[in-house]
Amino acid sequence: MTNKVREILQRRCKSSNKPFNINIFKVERLWDRMRKTLGYENEKGFVLHAFRHTCATTLIQKDVPITTVQAYLGHANISTTQIYAHLNPKKLKDAAQTLEEG
């Protein structure tokens, strides 16, 4: 987690043991309401879990090692994290260039 997120959560936890007093059912209802308000209620890909995908994609594209991304996201198996590895085609070109230089 970033320092900014950590600070926000620490402030929220001062009054309670939990940073958020909300269950998954309420989260889903709120997400559905937001999707409808934005006009995305029929967009199947516009899901809350997409934020995790954005996080993983950003880390991979910023050259964070895949094992670090795996640990950061809490993936038990590296194959789950490898889903995001294809998002950096520059790495393939770099690998080919390394072999050319060898």
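Look above for the structure.
Residues numbered from 1 in each chain as written. Predicted model: local features only at pLDDT ≥ 70, side-chain atom pairs only at ≥ 80, totals over all residues. Heavy atoms only, no water.

Caption draft 1: Quick peek at the layout of surface pockets. The calculated volume of the largest pocket comes to roughly 170 Å³. In terms of lining residues, the largest pocket is bounded by Met-1, Arg-52, Cys-55, Tyr-72 and Leu-73. Among the secondary structure elements, those contributing two or more residues to the lining of the largest pocket are α3 (50–61) and α4 (66–73). Residue composition of the lining of the largest pocket, grouped by class: four nonpolar, no polar and one charged. (1 Å grid on protein atoms, 1.4 Å probe; cavity = no way out; pocket = protein on both sides within 12 Å on 5 of 7 lines; lining within 4 Å. Points joined across faces, edges and corners; volume = space filled by probe spheres on them. Helix = DSSP H or I, 4+ residues; strand = E, 2+ residues; numbered from the N terminus. Nonpolar A, V, L, I, M, F, W, Y, C, P; charged D, E, K, R; others polar.)

Caption draft 2: How the structure looks around the packing of aromatic side chains. Under the counting rule described, the total for this entry stands at three aromatic pairs. Pairing Trp-31 with Phe-51 gives two aromatic rings, centres 5.9 Å apart and planes at 80°, and the pair type is edge-to-face. With Trp-31 in helix α2 (residues 24–38) and Phe-51 in helix α3, the pair connects residues that are 20 residues apart, well separated along the chain. A relative accessible area of 55% places Phe-51 in the exposed class. With a centroid separation of 4.7 Å and an interplanar angle of 35°, the aromatic rings of Tyr-40 and Phe-46 are classed as tilted. By relative accessible area, which is 37% here, Tyr-40 ends up partly exposed. According to the relative accessible area criterion, Phe-46 is partly exposed, its value standing at 27%. (Phe/Tyr/Trp six-rings, centres within 6.5 Å; stacked < 30°, edge-to-face > 60°. Buried < 20%, exposed > 50% of the residue type's maximum accessible area, 1.4 Å probe, protein only.)

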